[in-house]
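Structure at a glance
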Amino acid sequence: MAQFLLITDLDHTLVGDSEALARLNQHLSQHRDEYGTILVYSTGRSLTLYQQLLTNQDLLEPDYLVLSVGTVIYPHGSTQPDTAWSEYLSNGWNRDQVLAIASHFSHLVPQPPSEQTDFKVSYFLDGSIANEVIPRLKTALTERGLDIQFVYSSNKDLDILPKKGNKGAAATFLQQKLEMSGDRTVVCGDSGNDVSMFQQAQAKGIIVGNAKPELREWYSTQTSTNTYLAKASCAGGIIEGLQYFGFW
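If you're wondering where the values come from, they're calculated on a predicted model, not measured in any experiment. (Residues numbered from 1 in each chain as written. Predicted model: local features only at pLDDT ≥ 70, side-chain atom pairs only at ≥ 80, totals over all residues. Heavy atoms only, no water.)

Let us look at the nonpolar core. The biggest cluster of nonpolar side chains holds 46 residues, and the ones touching the most others in it are Leu-108, Leu-137, Leu-141 and Ile-160. Broken down by element, this core gets its largest block of residues, six residues, from helix H5 (residues 127-142). One finds Leu-6, Leu-10, Val-72 and Leu-242 within the second-largest nonpolar core, a separate group that totals 31 residues. (Core = buried A, V, L, I, M, F, W, Y, C linked by side-chain atoms within 4.5 Å. Buried < 20%, exposed > 50% of the residue type's maximum accessible area, 1.4 Å probe, protein only. Helix = DSSP H or I, 4+ residues; strand = E, 2+ residues; numbered from the N terminus.)

Enumeration according to the criterion identifies eight aromatic pairs in this entry. An angle of 65 degrees between the planes, with centres 6.3 Å apart, marks the rings of Phe-4 and Trp-248 as edge-to-face. A residue pair is termed long-range when its members are at least 10 positions apart, and Phe-4 in the segment before strand E1 (5-8) and Trp-248 in the segment after helix H9 (234-244) qualify at 244 residues. We classify Phe-4 as buried; its relative accessible area is 0%. Where Tyr-228 meets Tyr-244, the ring centres are 4.2 Å apart and the plane angle is 20 degrees; that geometry is what we call stacked. One end of the pair, Tyr-228, is in strand E11 (residues 227-229); the other, Tyr-244, is in helix H9, and 16 residues separate them in sequence. The exposure class assigned to Tyr-244 is partly exposed, which follows from its relative accessible area of 48%. Members of the aromatic cluster, each reached through a chain of ring pairs, are Phe-4, Phe-247 and Trp-248. Above the plane of the ring of Tyr-88 lies Lys-164, whose end atom (NZ or CZ) is 5.2 Å from the centre. (Phe/Tyr/Trp six-rings, centres within 6.5 Å; stacked < 30°, edge-to-face > 60°. Lys NZ or Arg CZ within 6 Å of the ring centre and 35° of its normal.)

For the rest of this paragraph, the subject is the sheet that holds E11. Spatially, seven strands are ordered E4-E3-E2-E1-E9-E10-E11 in an open sheet, and the strand pairing comes out mixed. In this open sheet, the two edge strands, each paired with only one partner strand, are strand E4 (72-75) and E11. Strand after strand, the sheet turns through a mean of 15 degrees between neighbouring axes, direction not considered. Relative to E4, strand E3 (residues 64-67) is paired through four bridges, and the arrangement is antiparallel. By the bridge assignment, Val-66 is partnered in E4 with Ile-73. With respect to the sheet, helix H6 (residues 167-178) is in contact with E1, strand E2 (38-42), E3, E4 and strand E9 (185-189), its orientation differing from that of E3 by roughly 160 degrees. (Pairing = 2+ DSSP bridges. Axes fitted to C-alpha atoms, helices over the stretch in contact; angles between N-to-C directions. Contact = heavy atoms within 4.5 Å.)

Below you can see the structure in the form of structure tokens.
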């Protein structure tokens, strides 16, 4: 039993089973008190949507809050994003150009202003047309020399991000900042926008049992023993995975 860093997605990963969440919160609270374990929420939600979630979910206070698919990091108690992370993302990113080029694609429906950040441009895109639109959009952006990446999840949400910015890169940034090794770091997720955490972070990975097809498909191609596919859903799957890896 020792300190570890837990980085978890929220919707359908940590949140979704109230009884299991209460049990996990109890375990984590005790572990934080005794060993100084560090808790990070990494979510596609904006600050507005995160605050909405707090009104109906009993969540522990995180030590760090990673929002908008890894493009914003808030240290605990701060109303200002981590400046080092923002500076890192700014190189090679031109938000205005991304918007101008994307405006020529009629199937892209802008998400609400609350879901847009300095380093994330977000659209709704129907799954039936996504395989046609995304490659054409990527070509149009890269031909302009833009260093970008796409995250498409839940068959409807398309995020355009700086090449350097996603949940996985944010997890690695926090590992380095906190000096936490891969064998003492756990990442948890359920959907396509969590894949980068499993791919990029040097960490143990827990995929909850209710994971979406795109994440299960990725898992089926892996041979590493560092990622565990739980049987239980949501917080119950996190508990199962933490026990599997021997964190308690």
